[in-house]
Amino acid sequence: MKFLQLNEFGTPHQVVSVEEEAAPGAPAAQEVQVKMLACPINPAEMLLMSGRYASKPDVPYRLGIEGAGEVVAVGDGVSHLKPGDRVMSLGRQNWAELINFSVNHVVKVPDNADPLQLGMLKVNPATAWLMLTGYVQLQPENWLIQNAANSGVGHAIIQLARAEGWKTVNVVRRPWLIDPLKEQGADVVIIDGDDLAERVAEETGNADIKLAIDAVAGASTRRLAESCGDGAVVVNYGFLSGNPCEMTPEQTVFRDMSLRGFWLSKFMGSMERSEIDKLYATVGGRVADGTVHAPVEATYTLDQAVEALEHAAREGRKGKILFTPNGPVT
Ligand SMILES: NC(=O)c1ccc[n+]([C@@H]2O[C@H](COP(=O)([O-])OP(=O)(O)OC[C@H]3O[C@@H](n4cnc5c(N)ncnc54)[C@H](OP(=O)(O)O)[C@@H]3O)[C@@H](O)[C@H]2O)c1
């Protein structure tokens, strides 16, 4: 049974190895055995491997922040899951061929959905949904603005907002993303720049934007805020630029704007299991009906870890990179 291990902190493809151990035995009571089908390589995992994430685990450390798979065996006392069911892991350390999970650490997901999309369900669609609904009560036709709009989270925001009737301004840094994002349902797509606020006002007819969603930080946070109306909430959930979020006193003091931070791990830590099930029933349903769909650029086996991690580190990708630990999936 193969799994991926972090041996030290550094450049991801140089510090990870493929390890092999005996397959886990039959699942114990209240456990299920899962054949992992799809696990994405997320920016958070790259930060973790390079030692720049929220916490540094002791190494050697099994990797894999998220993933989904198929139940192949169930232990005593498990009645709501059976072999053949698809599940998503709530825990970490998912980059492995076969895992025995406690039933408390998996969520049943639709069997008819694309396994690659299910593999990406835990983090990005949930993050998108919670940020869209947790800070500002949007009404149909209301606008929101986001940057890094071509990311996995960005796609989910566009698709979920469109399904709810909310309009999106999407800030990107590459012109060739404009048409593909519009095809996904983006209302406005704009290249980031110093005159962002003027161009947003022009494209939206001076919309009073109350929600900004920021994955980039640095000056991009300030430019999003400049594009919003008084009292707007800027939700920062990433720091892709590597710089601290900028907001001016004019924005916070005179225009009553606020900067909030969102971290899924912390947010979910405060949720009851019933709320977690409800969240994944909502976003899982949106994946199963095709509303939420993240582009995929490539999939790799665990043996191809070096190539996969090098690929995931490249800028200008057209989609996510995933591991399919048990070979290609359909
Ligand atoms: N706080 C949370 O709970 C939480 C949850 C999920 C994700 N996140 C964060 O959300 C962000 C997106 O994650 P993801 O999985 O959706 O990403 P992803 O699909 O792997 O895509 C990465 C995106 O980042 C963009 N990017 C990279 N560096 C940038 C920069 N300096 N300025 C502007 N854009 C830049 C890339 O744009 P190009 O195509 O132009 O290269 C690409 O769109 C990451 O920062 C991740 O850590 C946070």
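Residues numbered from 1 in each chain as written. Predicted model: local features only at pLDDT ≥ 70, side-chain atom pairs only at ≥ 80, totals over all residues.

Some thoughts on the overall build of the protein chain
A tally of regular secondary structure across the protein chain gives 12 helices and 16 strands. Taking the principal axes of the C-alpha coordinates as reference, the protein chain spans close to 60 × 40 × 35 Å. Here the protein chain holds 330 residues, and the buried ones make up 43% of them. Excluding contacts between residues fewer than 6 apart, the proportion of contacts in the protein chain whose partners are at least 24 apart in sequence is 67%. (Helix = DSSP H or I, 4+ residues; strand = E, 2+ residues; numbered from the N terminus. Buried ≥ 20, exposed ≤ 12 C-beta atoms within 10 Å, placed from the backbone. Contact = placed C-beta atoms within 7 Å.)

Let's talk about the site of the ligand
As a structural note, the neighbourhood of the ligand is formed by 26 residues, with Ser 151, Gly 152, Gly 238, Leu 240 and Leu 264 the closest of them. Split into classes, the residues belonging to the shell around the ligand amount to 12 nonpolar, nine polar and five charged. Three or more residues apiece are contributed to the shell around the ligand by two domains, here domain 1 (2-120 + 294-323) and domain 2 (124-265). (Near = placed C-beta within 6 Å. Nonpolar A, V, L, I, M, F, W, Y, C, P; charged D, E, K, R; others polar. Domains from an automatic or database assignment.)

Things to note about the environment of Val 188
As for its position among the elements, Val 188 is in strand S11 (residues 188-191). Overall, Val 188 belongs to the buried group, with 21 C-beta atoms counted inside 10 Å. It is 22 Å that separates the C-alpha atoms of Val 188 and Arg 286, two residues lying 98 residues apart in sequence. Those residues in contact with Val 188 that sit more than four places away from it in its chain are Val 169, Asn 170, Glu 203 and Thr 204.

Digging into the domain arrangement of the protein chain
Along its sequence, the protein chain is carved into domain 1 (2-120 + 294-323) and domain 2 (124-265). For domain 1 versus domain 2, the distance between C-alpha centres works out to 29 Å. Its residues placed into classes, the side of domain 1 that touches domain 2 shows three nonpolar, one polar and one charged.

Points about the sheet that holds strand S2 (residues 16-20)
Pairing is antiparallel across the open sheet formed by three strands, whose spatial order is S2-S1-S4. A single partner strand is all that each edge strand has here, and the edge strands are S2 and strand S4 (61-62). By the bridge criterion, five bridges tie strand S1 (residues 2-6) to S2 in an arrangement that is antiparallel. Opposite Phe 3, over in S2, you have Glu 19 as the bridge partner. (Pairing = 2+ DSSP bridges.)

Some remarks on the sheet that holds strand S14 (residues 258-261)
In space, the six strands of this open sheet follow the order S11-S10-S9-S12-S13-S14, with parallel pairing throughout. Sheet topology places S11 and S14 at the edges, where each strand pairs with a single neighbour. Within this sheet the neighbouring strands show an average axis-to-axis angle of 20°, counted without direction. With three bridges joining them, strand S9 (residues 143-146) and strand S12 (residues 211-214) adopt parallel strand pairing. In the strand pairing of S12, Ile 145 is matched with Ala 212. (Axes fitted to C-alpha atoms, helices over the stretch in contact; angles between N-to-C directions.)

Focus on the environment of Ala 68
Among the structural elements, Ala 68 can be located in strand S5 (residues 68-74). Residue Ala 68 is classed as buried on the basis of its C-beta count, with 29 C-beta atoms lying within 10 Å. Once the C-alpha coordinates of Ala 68 and Lys 82 are considered, the two residues, 14 residues apart in sequence, prove to be 15 Å apart. What Ala 68 contacts, discounting residues up to four positions off in sequence, is Leu 37, Ala 38, Arg 86, Val 87, Met 88, Ser 89, Val 109, Pro 115, Leu 118, Gly 119 and Leu 121.

Quick look at unusual backbone geometry
Geometrically, the link from Val 59 to Pro 60 is a cis peptide bond, its omega value of 0° lying close to zero. With respect to the helices and strands, Pro 60 occurs in the loop between helix H2 (43-49) and S4. Although it is not a glycine, Gln 93 adopts a positive phi angle of roughly 65°. Within the secondary structure, Gln 93 is located in the loop between strand S6 (86-89) and strand S7 (98-102).

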